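# Descriptive structure summary
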Amino acid sequence: MTIRTNLAVAAATALLLAGCGSKSESEVASGTYTDPATGKTTEYKVSGSKDGEEGNVTFKTDDGEVRFGSDAKLPAGLTPYPGSKMTGGFTGSSEGKQGGMAGFEVKAKVADVVAHYRSQIEAAGLKIKSEMTADDTMIIGAEKPGDEKTTIQVTATQEGDMVNGAITYGSGG
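Residues numbered from 1 in each chain as written. Predicted model: local features only at pLDDT ≥ 70, side-chain atom pairs only at ≥ 80, totals over all residues. Heavy atoms only, no water.

### A short note on the overall build of the protein
Heads up, the rule is: Labels follow the DSSP assignment, with helices taken as runs of H or I lasting at least four residues and strands as runs of E lasting at least two, numbered in each case from the N terminus. Burial status follows relative accessibility: with a 1.4 Å probe on protein chains alone, a residue under 20% of its type maximum counts as buried, one over 50% as exposed, and anything between as partly exposed. Contact between two residues is taken to exist if any of their heavy atoms lie within 4.5 Å; hydrogens are not considered. The Shrake-Rupley method, run with a 1.4 Å probe, gives the accessible areas here. Residue values count only the displayed protein chains as cover.
When helices and strands are tallied, the protein shows two helices and ten strands. Helices and strands in the protein line up, N terminus first, as α-β-β-β-β-β-β-α-β-β-β-β. Taken across its 173 residues, the protein has 34% of its residues classed as buried. Taking the contacts inside the protein whose residues are at least 6 apart along the sequence as the reference set, 44% of them involve residues at least 24 apart. As presented, the protein carries roughly 10,000 Å² of accessible surface, and 52% of it is formed by carbon and sulfur atoms.

### Details of unusual backbone geometry
Excluding glycine, residues mostly have negative phi values, and the peptide bonds linking residues are mostly trans. Of note in the backbone geometry, Glu95 takes a positive phi value of approximately 50° without being a glycine. Checked against the element boundaries, Glu95 lands in the loop between β5 (85-94) and β6 (97-107). Classification of Glu95 by relative accessible area gives exposed; the value is 63%. In this structure, Asp135 is a non-glycine residue whose phi angle is positive, near 55°. Tracing the sequence through the fold places Asp135 in the loop between β7 (127-134) and β8 (137-144). The exposure class assigned to Asp135 is exposed, which follows from its relative accessible area of 81%.

### What to know about the nonpolar core
Where we set the bar: By convention a nonpolar core is built from buried Ala, Val, Leu, Ile, Met, Phe, Trp, Tyr and Cys residues, the set being connected through side-chain atoms within 4.5 Å.
Val113, Tyr117, Ile121, Ile152, Val163 and Ile167 are the most contacted members of the largest nonpolar core, which totals 24 residues. Where this core is concerned, the elements lending two or more residues are β6, α2 (110-123), β8, β9 (147-159) and β10 (162-171). Once residues within four sequence positions are removed from consideration, Ile167 is found in contact with Leu74, Pro75, Leu78, Gly100, Met101, Ala102, Phe104, Tyr117, Ile152, Gln153 and Val154.

### Description of α2
To keep things clear, this is the line we draw: To estimate how far a helix should reach, multiply one less than its number of residues by 1.5 Å. As used here, the arc belongs to the directions running from the helix axis to the C-beta atoms.
The end-to-end C-alpha distance of α2, which contains 14 residues, comes to 20 Å, matching closely the 20 Å that a straight helix rising 1.5 Å per residue would cover. Within α2, burial applies to Val110, Val113, Val114, His116, Tyr117, Gln120 and Ile121. An end-on view of α2 places all buried positions within 155° of arc, on one side of the element. Where α2 is buried, its residues touch β6, β7, β8, β9 and β10. Of the residues one or two after α2, Gly125 is the one with positive phi, at around 90°.

### Some thoughts on the packing of aromatic side chains
Note the cut-off: Stacked, tilted and edge-to-face are the three classes assigned to paired rings of Phe, Tyr and Trp, where Trp is represented by its six-membered ring and a pair needs centres within 6.5 Å; plane angles under 30 degrees give stacked, over 60 edge-to-face, the rest tilted.
Per the stated rule, a full pass over the model turns up one aromatic pair. The interplanar angle of 45° and the centroid separation of 5.7 Å between the aromatic rings of Phe104 and Tyr117 together place this pair among those described as tilted. Remark: Tyr117 occurs in helix α2 and Phe104 occurs in strand β6; sequence separation between them is 13 residues. An identical accessibility class is assigned to Phe104 and Tyr117; each is buried.

### Thoughts on the confidence of the model for the protein
Cut-off, in case you're wondering: As a per-residue measure, pLDDT tells how confident the predictor is, with possible values from 0 to 100.
For the protein, per-residue confidence averages 82 on the pLDDT scale, and residues scoring 70 or more make up 81% of the total. Taken as a whole, residues 1-23 scores under 50 in pLDDT and shows 41 contacts with residues more than four places along the chain or in a different chain.

### Remarks on the environment of Val66
Its place among the elements puts Val66 in strand β4 (residues 64-69). It is 6.6 Å that separates the C-alpha atoms of Val66 and Ser93, two residues lying 27 residues apart in sequence. The residues touching Val66, leaving out its near neighbours within four places in the chain, are Val57, Thr58, Phe59, Thr91 and Gly92.

### Examining the pairing of strand β3 (residues 56-60)
We count it as follows: For two strands to count as paired, DSSP must find a minimum of two bridges between them.
Counted residue by residue, β3 has four buried out of five residues, so it is predominantly covered. Looking at chain direction, strand β2 (residues 41-48) and β3 are connected through five bridges and run antiparallel. Among the inter-strand pairings, Val46 is bridged to a residue of β3, identified as Val57. Linking β3 back to β4 in an antiparallel pair, the connection comprises three residues.

And the structure:
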């Protein structure tokens, strides 16, 4: 990424954080940016809502797409822990590869949340390759047998009666 592209990302992220989308999401800003050094064009779109609680920023190029925001997506085969609120994340795709991160929070016990995702990960055919518990945090990592590039990691931290966490995933290549 060039410095100009980094500036475009920072500006769009600032717009996102300043006030963006819910179920009544609408476009706040959009356009294109052409890198003068390469001539490559990036399209961007910032969407938001009247309440300013959530929103999205999307960047598209000929090589792929990156989306940041409130409508975080879990990888195929995973469903949120019951009662969870998705808190944001990002997705990206390029050249047959895709990945992302989805944040969540829920009133629960960390062990129950991790067990929920573990069973879904294993049912999707991935194998747990690593597990770690440190203080109030549990982390599991899995990969698809024979495909080291298809991975999922669940990180969950107990904070009082709440669990805050993230699911990071990638595939393809």
